[in-house]
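What the coordinates show
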Amino acid sequence: MTSEAERKSALERSTLTGLSLPIEAATPAGRLALTILHHPQLERVGDRALLPALAAGGQASLSRAEPIFAPPGQALGAPLGDPHLSRKPIHLLATRDGGIEIDLAGSSTAVAVRGKSLQGAAHFSAAQVRRGVILEVGHRIVLLLHAVAAFQGTPGGALDKPREIAGESDGIRQVLWEVRSVADLGMPVLIRGETGSGKELVARALHQASPRRDHPFVTVNLGAIAPSLATAELFGAERGAHSGATRRQPGYVEQARGGTLFLDEIGEAPIELQVALLRFLETGEVQSLGAQIRKMDVRVLAATDADLEAKVAAGAFRAPLLNRLSAYEISIPPLRARRDDIGRLLARFFREELEGVGESHRLRPPSPEDKPWLPASLIARLAEHDWPGNIRQLRNVVRQLVIGSRGRDRLELTPAVERLLADPTPSGRAAWPGDDARPLGPLEAADRPGDRDSTSSLTPSSSSLPPEPAAPSEPSVPSEPSAPSEPSAPSEPAVPSEPGGAPRAPRRAPAEVSEDELAAALRANRWNISAAAKQLGVPRPSIYMLMKRYEGSRGASAPAPEEILRVYRECGGDLERMAAQLEIAEWSLAQRVRKLGLQ
């Protein structure tokens, strides 16, 4: 049994220590685990039990007494230990298709999936396990069955101080590894992530782990600055440099001298500011309005939830600036890709919000015969949601629940939260590894042919289960949501349907697309990004990410004006031949040719 000191919540662990080497990829066929998303004793939330027998094609047991759950990276732990769970185990069996079968035969423990009780046995496909299967057990505990990655090395190391970045999921551990790796190097870092995913927290962690930690950390939201004032706001203005400048105005760069300047919403920077910012990144020189050029020692971090590659292709963002800012990139996983952190975040947010209204006693462990204030069924619903607004949205929902249930003996859903959880996840969000590319079907019967050995005699009863929600149709390569098209940029031509009305290629993970496949698809479709994406079975934004990944590929704006001019002369202005030679989309080339005054 671990002591309270040993069982520190994952929410209070060090930001940067404990990661000696990066993470390996995980698959359902690799390491499987059960993670506690909710437990009457909240300090147990986040504890994990590895299930190595399932990876070997065997079975694992789940009961009051087994398996042993421990905080990630620690060896000592304890079983679930709740009296509402039977001592007779539930059996988890690996199936031949890479899925998992749950067999309740012989156990009196109640198990529910998405609000419906399981009876007998049910099968979960490999795709469902990749998404994470949420189990409500004994009406009091919520578990997540999911795949976990392996570390090449041993997590550990001295703790420093409580960190703001909460979580122990593989995705967050990878982010912290990258923060630790690049923090002391002084180079620009581009932080990518969906809205509400914690980009500023990562920027602050980079600053705090760097030698500049004792100097200013200045945050600038470029989306909130008027374009006409952006350059003066960033680089400053001398007295009398413009109307209204009655005194010297130091810019954000000067305010961050010796420290870190964090440029949030960098995709919203006006073109004029992009030019000045590029010069600053290249030379370290600043010229305030009405002043001489000065050197300024400032580290620049930038963040965006926009598809900057698409903006570059549309002429709304300068490629040289993108290249400078992305000297190193950190991609923050969305909350749906680190579902095992939802329990940790909920425990932290409920504690903080209840303290704020003077009702922290609500989270005291209930007696076995009492109903808990925080129902396990509600935690299971919250964990199932895909949270397009990520951590910010999750925190707002917790605040809504706490305020709406003040003085009540049990937490209740407010109408607003009920509507949120009932709505399907909005489309058009960013893609991330683990987002399944194919819709998930209903939970399948346990005796489906080929899934189990012929000696099995379990009776399936999956008909009592509700349909599995469709998994998002995004790729496995980190990408960002597409930014709105600029008014002056022409839209890419519509993708023609395949001959004979054939359906598009089956959805697949972009990580499966080789460099040769990408090049062949782009050439076959004359560098039409949408058509190539359709042929490969991946979303359009993923093509830009793949082109960036493979050094042999290049984006639509890559050719220099001199190269375009040379090819223009060689091909006699024939855009089709020029596009084939330059290996870019014809529509984008036409735009570049017009800008160069060749047509």
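Heads up: the structure comes first, above all this text.
The notes below deal with the structure included here. Fair warning: this is a prediction, and the values are worked out from it, not measured in the lab.

1. A word on the overall build of the chain
A tally of helices and strands in the chain yields 19 helices and 17 strands. Taken across its 599 residues, the chain has 52% of its residues classed as buried. Across the chain, every contact between residues at least 6 apart in sequence was considered, and the portion connecting residues at least 24 apart equals 73%.

2. Quick word on the sheet that holds strand β13 (residues 260-264)
Within the open sheet, the five strands sit side by side as β12-β13-β16-β11-β17. Their pairing is parallel. Single-partner strands in this sheet number two, and they are β12 (217-221) and β17 (329-331). Neighbour to neighbour, the strand axes of the sheet diverge by 20° on average, direction disregarded. Looking at chain direction, β13 and strand β16 (residues 299-304) are connected through four bridges and run parallel. Across the sheet, residue Leu261 finds its bridge partner in β16, namely Val300. Of the strands in this sheet, β11 (189-192), β12, β13, β16 and β17 touch helix α4 (residues 199-208), which is tilted by about 150° from β11.

3. Comments concerning the nonpolar core
Grouped together as the largest cluster of nonpolar side chains are 34 residues, with contacts concentrated most on Leu346, Phe350, Leu382 and Leu401. Mapped by element, the contributors of at least two residues to this core are β10 (141-148), α10 (342-356), α11 (376-384), α12 (390-404) and α13 (415-422). Here the element with the most residues in this core is α10; it accounts for seven residues. Those residues in contact with Leu401 that lie beyond four places of it in its chain are Phe350, Leu378, Leu382, Leu411, Glu412, Leu413, Thr414 and Val417. Within the second largest apolar cluster, 31 residues are counted, among which are Leu234, Phe235, Val253 and Leu277.

4. Focus: the sheet that holds strand β6 (residues 111-113)
Across the sheet, which stays open at both edges, the six strands sit in the order β2-β1-β10-β9-β6-β7 with antiparallel pairing between neighbours. The two strands at the open ends of the sheet, each matched to only one other strand, are β2 (48-50) and β7 (116-117). As defined by bridge partners, β6 adjoins β7 across two bridges and the pair is classed as antiparallel. Across the sheet, residue Val113 finds its bridge partner in β7, namely Lys116. Packed onto the sheet, α11 meets β1 (31-38), β9 (133-137) and β10 and runs at close to 175° relative to β9.

5. Let's talk about the pairing of β16
It is a general feature of regular strands that their side chains alternate between the two faces of the sheet. The element β16 is largely enclosed, with a buried count of six among its six residues. Both faces of β16 are covered, namely the face carrying Arg299, Leu301 and Ala303 and the face carrying Val300, Ala302 and Thr304. As judged from the four bridges shared by β11 and β16, these two strands associate in the parallel manner. Bridge pairing in β16 places Arg192 opposite Thr304.

6. Let's talk about the pairing of strand β5 (residues 100-103)
Burial along β5 is two-sided: Ile100 and Ile102 and Glu101 and Asp103, pointing in opposite directions, are all buried. In this structure, the hairpin formed by strand β4 (residues 90-94) and β5 is closed by a connection of five residues, where Gly98 is found at a positive phi of approximately 90°. In this sheet, strand β8 (residues 121-124) lies alongside β5 in antiparallel orientation, the contact comprising four bridges. The residue bridging Ile102 from the neighbouring strand is Ala122, located in β8.

7. Observations regarding the pattern of salt bridges
Enumeration according to the criterion identifies 25 salt bridges in this entry. Among the ionic pairs, Arg204 bridges to Glu200, the shortest N-O distance being 3.1 Å. On the criterion of helical spacing, the pair formed by Arg204 and Glu200 is a turn pair, its members being four residues apart in helix α4. With its nearest N and O atoms 3.6 Å apart, the salt bridge here joins Arg294 to Glu254. Highlighted residues: Arg294 in strand β15 (residues 293-295) and Glu254 in helix α6 (residues 252-255), separated in sequence by 40 residues. Among the residues examined, Arg294 registers a relative accessible area of 24% and is labelled partly exposed. The network of salt bridges with shared partners includes Arg48, Arg338, Asp340, Asp341 and Arg344.

8. Regarding unusual backbone geometry
Glycine aside, a negative phi is what most residues show, and trans is what most peptide bonds show. Residue Glu66 is joined to Pro67 through a cis peptide bond whose omega torsion reads 0°. Locating Pro67 in the fold gives a position in the loop between β3 (59-62) and β4. Its identity is not glycine, yet Trp387 carries a phi of approximately 50°, on the positive side. Along the chain, Trp387 turns up in the loop between α11 and α12. For Trp387, a relative accessible area of 0% corresponds to the buried category.

9. Topic: the packing of α10 against α12
Where α10 meets α12, the closest approach of the two axes is 9 Å, and the angle between their N-to-C directions is 45°. Regarding the angle of α10 to α12, the classification is oblique. α10 and α12 meet at a crossing whose hand is right-handed. Seen from α10, the contacting residues are Leu345, Leu346, Phe349, Phe350, Glu352, Glu353 and Leu354; seen from α12, they are Ile391, Leu394, Arg395, Val398, Arg399, Leu401 and Val402. Considering only residue class, the contact of α10 with α12 consists of 10 nonpolar, no polar and four charged.

10. Points about the packing of aromatic side chains
The tally for this structure, following the rule as stated, stands at three aromatic pairs. Between Phe217 and Phe262 the ring centres are 6.2 Å apart and the planes differ by 20°, which places this aromatic pair in the stacked class. Here Phe262 lies in strand β13 and Phe217 lies in strand β12, a separation of 45 residues in the sequence. As far as burial versus exposure is concerned, Phe217 and Phe262 are alike and both buried. Ring centres of Phe235 and Phe280 lie 6.2 Å apart, and the angle between their planes is 70°; this geometry places the pair in the edge-to-face category. Taken together, the positions of Phe235 in helix α5 (residues 230-235) and Phe280 in helix α7 (residues 271-283) put the pair 45 residues apart, joining distant regions of the chain. No difference in accessibility class separates Phe235 from Phe280, as the two residues are buried.

11. Structural notes on the environment of Glu329
By the element assignment, Glu329 lies in strand β17. With 27 residues separating them in the primary sequence, Glu329 and Ala302 have C-alpha atoms 9.6 Å apart. Polar contacts involving the side chain of Glu329 include one to the side chain of Arg192, which spans 2.9 Å.

12. Points about the side chain of Ser210
Tracing the sequence through the fold places Ser210 in the loop between α4 and β12. Exposure remark for Ser210: the relative accessible area of 1% places this residue in the buried category. Not counting chain neighbours up to four residues away, the residues in contact with Ser210 comprise Ala183 and Arg299.

The rules behind the values
Residues numbered from 1 in each chain as written. Predicted model: local features only at pLDDT ≥ 70, side-chain atom pairs only at ≥ 80, totals over all residues. Heavy atoms only, no water. Helix = DSSP H or I, 4+ residues; strand = E, 2+ residues; numbered from the N terminus. Buried < 20%, exposed > 50% of the residue type's maximum accessible area, 1.4 Å probe, protein only. Contact = heavy atoms within 4.5 Å. Pairing = 2+ DSSP bridges. Axes fitted to C-alpha atoms, helices over the stretch in contact; angles between N-to-C directions. Core = buried A, V, L, I, M, F, W, Y, C linked by side-chain atoms within 4.5 Å. Salt bridge = Lys/Arg side-chain N within 4 Å of Asp/Glu carboxyl O. Parallel < 35°, antiparallel > 145°, perpendicular 65-115°, else oblique. Left-handed = near helix turned anticlockwise from the far one by under 90°. Nonpolar A, V, L, I, M, F, W, Y, C, P; charged D, E, K, R; others polar. Phe/Tyr/Trp six-rings, centres within 6.5 Å; stacked < 30°, edge-to-face > 60°. Polar contact = N/O pair within 3.5 Å; in protein donor to acceptor, adjacent residues only side chain to side chain.

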